[in-house]
Amino acid sequence: MERMQYQVDGKIACIRIDDGKANAMSVPFFAELGALLDRAQSDGVGALVLAGRSGMFSGGLDLKLLPTLSREGLRELSATFATTMLRVFTLPIPTVAAVTGHAIAGGAVLAYACDRRYAVDGRFRLQLNEVAIGIPMPSWMAAIASTALPSRLHVEALLHARAYAPSEAAAHGIVNGLVAEGGDVVHHAIEHAADLVALPRDAYATSKRRLRAAEVARVTALLEGELV
(Lines give C-alpha, C1' and ligand atoms only; values in the text may rest on other atoms or scores of the structure.)
Protein backbone atom coordinates (compact mmCIF):
# COMPACT_ATOMS: atom_id res chain seq x y z
CA MET A 1 0.00 0.00 0.00
CA GLU A 2 1.38 3.40 -0.97
CA ARG A 3 1.13 5.77 1.94
CA MET A 4 3.56 8.42 0.67
CA GLN A 5 3.58 10.87 -2.22
CA TYR A 6 6.73 12.43 -3.63
CA GLN A 7 6.75 15.70 -5.52
CA VAL A 8 9.46 18.11 -6.65
CA ASP A 9 8.89 21.82 -7.07
CA GLY A 10 12.01 23.47 -8.43
CA LYS A 11 14.85 22.28 -6.20
CA ILE A 12 12.64 21.31 -3.23
CA ALA A 13 11.21 17.82 -2.85
CA CYS A 14 8.30 17.03 -0.58
CA ILE A 15 7.35 13.65 0.87
CA ARG A 16 3.74 13.66 2.10
CA ILE A 17 2.79 10.78 4.40
CA ASP A 18 -0.90 9.86 4.51
CA ASP A 19 -2.33 6.46 5.36
CA GLY A 20 -5.68 8.04 6.24
CA LYS A 21 -5.15 7.26 9.91
CA ALA A 22 -2.21 7.75 12.28
CA ASN A 23 0.57 7.46 9.68
CA ALA A 24 1.69 4.46 11.70
CA MET A 25 5.23 3.19 11.22
CA SER A 26 6.16 -0.37 10.28
CA VAL A 27 8.88 -2.15 8.31
CA PRO A 28 7.02 -1.47 5.01
CA PHE A 29 6.62 2.18 6.06
CA PHE A 30 10.36 2.49 6.56
CA ALA A 31 11.07 0.73 3.26
CA GLU A 32 8.82 3.17 1.42
CA LEU A 33 10.39 6.16 3.16
CA GLY A 34 13.88 4.83 2.44
CA ALA A 35 13.11 4.47 -1.25
CA LEU A 36 11.92 8.06 -1.41
CA LEU A 37 15.03 9.27 0.41
CA ASP A 38 17.02 7.44 -2.27
CA ARG A 39 14.97 9.23 -4.92
CA ALA A 40 15.54 12.66 -3.38
CA GLN A 41 19.28 12.07 -3.31
CA SER A 42 19.25 10.73 -6.87
CA ASP A 43 17.25 13.74 -8.05
CA GLY A 44 19.85 16.07 -6.57
CA VAL A 45 17.28 18.26 -4.83
CA GLY A 46 18.44 21.19 -2.74
CA ALA A 47 16.11 20.51 0.21
CA LEU A 48 13.58 17.93 1.36
CA VAL A 49 10.32 18.62 3.21
CA LEU A 50 8.65 15.81 5.18
CA ALA A 51 4.95 16.29 5.89
CA GLY A 52 2.02 14.32 7.27
CA ARG A 53 -1.68 14.63 6.61
CA SER A 54 -3.88 17.32 8.10
CA GLY A 55 -4.08 16.75 11.85
CA MET A 56 -1.48 13.98 11.96
CA PHE A 57 2.24 14.08 11.28
CA SER A 58 2.71 10.57 12.69
CA GLY A 59 1.63 8.66 15.77
CA GLY A 60 4.78 6.52 15.69
CA LEU A 61 5.08 2.76 15.52
CA ASP A 62 1.97 0.74 14.70
CA LEU A 63 0.89 -0.32 18.19
CA LYS A 64 -1.68 -2.77 16.83
CA LEU A 65 1.07 -4.56 14.93
CA LEU A 66 3.50 -4.92 17.83
CA PRO A 67 1.67 -7.70 19.76
CA THR A 68 1.48 -9.81 16.61
CA LEU A 69 5.24 -9.83 15.99
CA SER A 70 7.66 -12.55 17.01
CA ARG A 71 10.76 -11.61 18.96
CA GLU A 72 12.69 -11.65 15.70
CA GLY A 73 10.04 -9.45 14.09
CA LEU A 74 10.23 -6.96 16.95
CA ARG A 75 14.01 -6.79 16.65
CA GLU A 76 13.75 -6.25 12.90
CA LEU A 77 11.23 -3.45 13.41
CA SER A 78 13.35 -1.83 16.13
CA ALA A 79 16.50 -2.00 14.03
CA THR A 80 14.78 -0.68 10.91
CA PHE A 81 13.20 2.14 12.90
CA ALA A 82 16.60 3.17 14.26
CA THR A 83 18.51 2.96 11.00
CA THR A 84 15.84 4.86 9.07
CA MET A 85 15.64 7.68 11.61
CA LEU A 86 19.44 7.90 11.76
CA ARG A 87 19.48 8.08 7.97
CA VAL A 88 17.08 11.04 8.01
CA PHE A 89 19.24 12.61 10.75
CA THR A 90 22.38 12.31 8.62
CA LEU A 91 20.87 12.84 5.17
CA PRO A 92 23.29 14.99 3.12
CA ILE A 93 20.39 17.23 2.07
CA PRO A 94 18.76 19.96 4.19
CA THR A 95 15.58 18.52 5.71
CA VAL A 96 12.51 20.37 6.98
CA ALA A 97 9.58 18.84 8.88
CA ALA A 98 6.10 20.24 8.26
CA VAL A 99 4.45 19.09 11.48
CA THR A 100 0.85 18.94 10.27
CA GLY A 101 -0.67 17.75 13.56
CA HIS A 102 0.18 15.21 16.25
CA ALA A 103 3.80 14.04 16.34
CA ILE A 104 4.02 11.32 18.95
CA ALA A 105 6.75 8.80 19.76
CA GLY A 106 8.29 7.86 16.39
CA GLY A 107 6.47 10.77 14.80
CA ALA A 108 8.26 13.17 17.13
CA VAL A 109 11.54 11.42 16.38
CA LEU A 110 11.02 11.90 12.63
CA ALA A 111 10.35 15.60 13.17
CA TYR A 112 13.37 15.96 15.46
CA ALA A 113 15.60 14.16 12.94
CA CYS A 114 15.02 16.98 10.47
CA ASP A 115 17.19 20.08 10.39
CA ARG A 116 14.21 22.43 10.80
CA ARG A 117 10.63 22.06 12.01
CA TYR A 118 7.51 24.14 11.40
CA ALA A 119 4.24 23.23 13.13
CA VAL A 120 0.59 24.12 12.69
CA ASP A 121 -1.11 25.41 15.81
CA GLY A 122 -4.07 23.59 17.29
CA ARG A 123 -5.00 20.91 19.80
CA PHE A 124 -2.06 18.73 18.87
CA ARG A 125 0.88 17.38 20.80
CA LEU A 126 4.54 16.67 20.25
CA GLN A 127 5.63 13.98 22.64
CA LEU A 128 8.24 11.31 23.15
CA ASN A 129 6.07 9.02 25.27
CA GLU A 130 8.35 5.97 25.38
CA VAL A 131 9.03 6.05 29.13
CA ALA A 132 5.35 6.71 29.86
CA ILE A 133 4.34 3.50 28.09
CA GLY A 134 7.12 1.44 29.65
CA ILE A 135 9.73 1.48 26.90
CA PRO A 136 13.30 2.44 27.86
CA MET A 137 14.42 5.16 25.49
CA PRO A 138 17.19 3.88 23.20
CA SER A 139 20.40 5.87 22.98
CA TRP A 140 19.94 6.62 19.28
CA MET A 141 16.53 8.18 19.91
CA ALA A 142 17.80 10.33 22.77
CA ALA A 143 20.69 11.49 20.59
CA ILE A 144 18.41 12.63 17.78
CA ALA A 145 15.94 14.32 20.13
CA SER A 146 18.72 16.07 22.03
CA THR A 147 19.65 18.08 18.95
CA ALA A 148 16.11 19.48 18.65
CA LEU A 149 15.26 19.92 22.33
CA PRO A 150 16.98 22.62 24.39
CA SER A 151 19.16 21.00 27.06
CA ARG A 152 17.03 22.46 29.86
CA LEU A 153 14.11 20.35 28.58
CA HIS A 154 15.91 17.01 28.32
CA VAL A 155 14.71 15.68 31.67
CA GLU A 156 11.04 16.63 31.26
CA ALA A 157 10.84 15.76 27.57
CA LEU A 158 12.90 12.56 27.49
CA LEU A 159 12.57 11.12 31.01
CA HIS A 160 9.19 12.51 32.06
CA ALA A 161 7.51 12.14 28.65
CA ARG A 162 6.19 15.73 28.71
CA ALA A 163 3.80 16.54 25.86
CA TYR A 164 4.04 19.95 24.21
CA ALA A 165 1.31 21.83 22.41
CA PRO A 166 2.55 23.41 19.15
CA SER A 167 2.53 26.88 20.74
CA GLU A 168 4.64 25.58 23.65
CA ALA A 169 7.03 23.89 21.23
CA ALA A 170 7.44 27.19 19.39
CA ALA A 171 7.98 29.14 22.61
CA HIS A 172 10.67 26.66 23.70
CA GLY A 173 12.41 26.65 20.32
CA ILE A 174 11.57 22.99 19.65
CA VAL A 175 10.02 24.08 16.37
CA ASN A 176 11.40 26.94 14.28
CA GLY A 177 8.05 28.51 13.51
CA LEU A 178 4.31 28.21 13.99
CA VAL A 179 1.48 28.52 11.49
CA ALA A 180 -1.95 29.62 12.66
CA GLU A 181 -4.54 26.88 13.17
CA GLY A 182 -5.94 25.83 9.82
CA GLY A 183 -3.00 27.34 7.94
CA ASP A 184 -0.91 25.58 5.30
CA VAL A 185 2.15 24.47 7.21
CA VAL A 186 3.44 22.45 4.25
CA HIS A 187 3.54 25.54 2.04
CA HIS A 188 5.15 27.44 4.92
CA ALA A 189 7.84 24.77 5.32
CA ILE A 190 8.56 24.77 1.59
CA GLU A 191 8.92 28.56 1.62
CA HIS A 192 11.33 28.35 4.54
CA ALA A 193 13.38 25.64 2.83
CA ALA A 194 14.29 28.05 0.02
CA ASP A 195 17.25 29.59 1.83
CA LEU A 196 18.63 26.12 2.49
CA VAL A 197 18.66 25.40 -1.24
CA ALA A 198 21.03 28.33 -1.70
CA LEU A 199 23.66 26.78 0.59
CA PRO A 200 26.49 24.94 -1.23
CA ARG A 201 25.43 21.30 -1.18
CA ASP A 202 28.85 19.70 -0.65
CA ALA A 203 29.74 22.07 2.18
CA TYR A 204 26.37 21.41 3.84
CA ALA A 205 26.67 17.64 3.53
CA THR A 206 30.24 17.54 4.83
CA SER A 207 29.53 19.88 7.73
CA LYS A 208 26.40 17.96 8.72
CA ARG A 209 28.34 14.70 8.70
CA ARG A 210 31.14 16.18 10.81
CA LEU A 211 28.70 17.66 13.31
CA ARG A 212 26.90 14.36 13.85
CA ALA A 213 29.34 11.57 12.97
CA ALA A 214 30.79 10.96 16.44
CA GLU A 215 27.40 10.75 18.16
CA VAL A 216 25.93 8.59 15.39
CA ALA A 217 28.90 6.22 15.66
CA ARG A 218 28.44 6.02 19.43
CA VAL A 219 24.73 5.17 19.34
CA THR A 220 25.15 2.81 16.38
CA ALA A 221 27.66 0.81 18.42
CA LEU A 222 25.06 0.53 21.20
CA LEU A 223 22.16 -0.33 18.91
CA GLU A 224 22.38 -4.12 18.83
CA GLY A 225 22.49 -4.37 22.61
CA GLU A 226 19.49 -2.07 23.05
CA LEU A 227 17.09 -3.76 20.61
CA VAL A 228 13.90 -5.03 22.23
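Residues numbered from 1 in each chain as written. Predicted model: local features only at pLDDT ≥ 70, side-chain atom pairs only at ≥ 80, totals over all residues. Heavy atoms only, no water.

The pairing of strands in a sheet happens through backbone hydrogen bonds and is either parallel or antiparallel. With parallel pairing, the 3 strands of this open sheet are ordered in space as β4-β6-β8. Taken across any chain shown, the strands that pair with only one partner, and hence form the sheet edges, are β4 (55–58) and β8 (126–127). Sheet topology note: the β4/strand β6 (residues 101–104) ladder contains 3 bridges and is parallel. Directly across from M56, in β6, lies its bridge partner H102. (Pairing = 2+ DSSP bridges. Helix = DSSP H or I, 4+ residues; strand = E, 2+ residues; numbered from the N terminus.)

It is worth spelling out the nonpolar core at this point. Core analysis: the largest hydrophobic core is formed by 56 residues, its most contacted members being I15, Y112 and W140. Looking at this core, the element that brings in the most residues is helix α2 (residues 71–90), giving 7 residues. Other than its neighbours up to four places away in sequence, Y112 contacts R117, L126, L128, I144, A145, T147, A148, L149 and I174. A47, V96, A189 and L196 belong to the second-largest nonpolar core, a separate cluster that totals 16 residues. (Core = buried A, V, L, I, M, F, W, Y, C linked by side-chain atoms within 4.5 Å. Buried < 20%, exposed > 50% of the residue type's maximum accessible area, 1.4 Å probe, protein only. Contact = heavy atoms within 4.5 Å.)

This next bit is on the state of the cysteines. This model, assessed by the stated rule, comprises 0 disulfides. Looking at C14, it has no disulfide partner, and the nearest cysteine sulfur is the one in C114, 11 Å off. The class of C14 is buried, set by a relative accessible area of 6%. (Disulfide = S-S within 2.5 Å.)

Attention shifts here to the pairing of strand β3 (residues 47–51). The element β3 is extensively covered by neighbouring structure, given that 5 of its 5 residues are classed as buried. Burial of the side chains of β3 extends over both faces: A47, V49 and A51 are buried on one face and L48 and L50 on the other. Pairing geometry for strand β2 (residues 12–17) and β3, over 5 bridges, is parallel. Paired with I12 across the two strands is A47, which belongs to β3. For the crossover that starts at β2, traverses helix α1 (residues 27–43) and ends in the parallel β3, the hand is right-handed. (Right-handed = clockwise from strand over helix to strand, strands pointing away.)

The next thing to look at is the environment of S146. You can see S146 is positioned in helix α4 (residues 139–148). Beyond its immediate chain neighbours, meaning those up to four positions away, S146 contacts H154 and L158. For S146, the side chain forms a polar contact with the main-chain oxygen of A142, separated by 2.6 Å. (Polar contact = N/O pair within 3.5 Å; in protein donor to acceptor, adjacent residues only side chain to side chain.)

A separate point is the side chain of R117. Inspection of the secondary structure puts R117 in strand β7 (residues 116–120). Here R117 is buried and forms no salt bridge, its nearest opposite-charge partner D115 lying at an N-O distance of 6.9 Å. One polar contact links the side chain of R117 to the main-chain carbonyl oxygen of C114, over a distance of 2.7 Å. In this structure the side chain of R117 is engaged in a polar contact, spanning 2.8 Å, whose partner is the backbone oxygen of I174. Among all residues touching R117, those that are not within four sequence positions of it are A97, A111, Y112, A148, I174, V175, N176 and G177. (Lys, Arg positive; Asp, Glu negative; His and termini not counted. Salt bridge = Lys/Arg side-chain N within 4 Å of Asp/Glu carboxyl O.)

Without other data, these values stay purely geometric and don't point to any function.
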